[in-house]
Amino acid sequence: MQQLEHEVERARQGDKDAFGTLIRAHEASLYRIAKSIVSSDEDCADAIQEAVLKAYRSIHSLREPRYFKTWLVRILVNECRSILRKRKQTVPFIELQHARAYEDDYVHIETQEIVDSLDEDLRIVVTLFYIEDLPLKEVADMLDQPVGTVKSRLYRARQKLSELLNVTNGSGKELTT
């Protein structure tokens, strides 16, 4: 963690290589988050490219180096929403193809498909909180939402996932999260 904070400081001073290192360290997260909002690979690439460009241009305005990822993801979320507004499209319920570093991140493909079927507001909080393992406060900051709103969306998402898993599995077992 200290190494990334050091890289942030270097990037704030204009070091292009340090900024590149930071982006590479977070590229998988950026992809997963963008993909969970805009769905199409083209829109995902556009959102990431714009977010990285905006971050590069304004890195000097980042006050606290330890919040670099939160800051970057917030820029990305805003870019994704901008793309959706411009295209006036609704987010289709299609399968997300997460570029995961490890194959065992989702135990069952069925679970991934069910998460993908959630509405955007639920899917993004699930992605940030459970998949990206970010604290509630950071998720709330990234989405510019109160912590209470994020908590209620996570609660609704868990209920919906539980219902969908029970219907899909037929197991009758409760989802524990």
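Bear in mind the structure is a predicted one, so any value in this text is a computation, not a measurement. (Residues numbered from 1 in each chain as written. Predicted model: local features only at pLDDT ≥ 70, side-chain atom pairs only at ≥ 80, totals over all residues. Heavy atoms only, no water.)

> Tell me about the overall build of the protein, and name the residues and values.
Of regular secondary structure, the protein possesses 8 helices and 0 strands. Order of helices (α) and strands (β) in the protein, N terminus to C terminus: α-α-α-α-α-α-α-α. Of all intrachain contacts in the protein linking residues separated by at least 6 positions in sequence, the fraction that spans at least 24 positions is 64%. (Helix = DSSP H or I, 4+ residues; strand = E, 2+ residues; numbered from the N terminus. Contact = heavy atoms within 4.5 Å.)

> Go over helix α1 (residues 2-12) with me, naming the residues and quoting the values.
Listed in full, the buried residues belonging to α1 are Glu7, Val8 and Ala11. Down the axis of α1, the smallest arc covering the buried residues is 105°, so these residues share one side. Contact partners of the buried residues in α1: α2 (16-38) and α4 (68-87). Where α1 ends, the next residue or the one after it, Gly14, has phi of about 100°, a positive value. (Buried < 20%, exposed > 50% of the residue type's maximum accessible area, 1.4 Å probe, protein only. Arc of directions from axis to C-beta.)

> Tell me what's going on with the nonpolar core, and back it up with residues and numbers.
Counting 40 residues, the largest nonpolar core has Phe19, Ile33, Ile37, Ile48, Phe68, Leu76 and Leu128 as its most contacted members. Those elements that provide at least two residues to this core are α1, α2, α3 (41-58), α4, α6 (120-131), α7 (136-143) and α8 (147-169). Setting aside chain neighbours within four positions, we find Phe68 in contact with Val8, Phe19, Leu22, Ile23, His26, Ile59 and Leu62. Ranked by size, the runner-up nonpolar core spans 8 residues in total, among them Val115, Val126, Leu161 and Leu165. (Core = buried A, V, L, I, M, F, W, Y, C linked by side-chain atoms within 4.5 Å.)

> Break down the packing of α2 against α4 for me, citing the residues and quoting the values.
Running from N to C, α2 and α4 point in directions that differ by 40°, and their axes come no closer than 10 Å. Taken together, the axis directions place α2 and α4 in an arrangement best described as oblique. Here α2 and α4 pass one another in a crossing that is right-handed. Of the residues in α4, those touching α2 at Phe19, Leu22, Ile23, His26, Ser29, Leu30, Ile33, Ala34, Ile37 and Val38 are Phe68, Lys69, Leu72, Val73, Leu76, Val77, Cys80, Ile83 and Leu84. (Axes fitted to C-alpha atoms, helices over the stretch in contact; angles between N-to-C directions. Parallel < 35°, antiparallel > 145°, perpendicular 65-115°, else oblique. Left-handed = near helix turned anticlockwise from the far one by under 90°.)

> Kindly report on the packing of α6 against α7, identifying the contributing residues and their values.
Their axes nearest at 9 Å, the elements α6 and α7 cross at an angle of 135°. With respect to each other, α6 and α7 are oriented oblique. Both α6 and α7 take part in a crossing whose hand is right-handed. From α6, Ile124, Val125, Leu128 and Phe129 reach across to α7, where they touch Leu136, Val139, Met142 and Leu143. Residue composition of the contact of α6 with α7, grouped by class: 8 nonpolar, no polar and no charged. (Nonpolar A, V, L, I, M, F, W, Y, C, P; charged D, E, K, R; others polar.)

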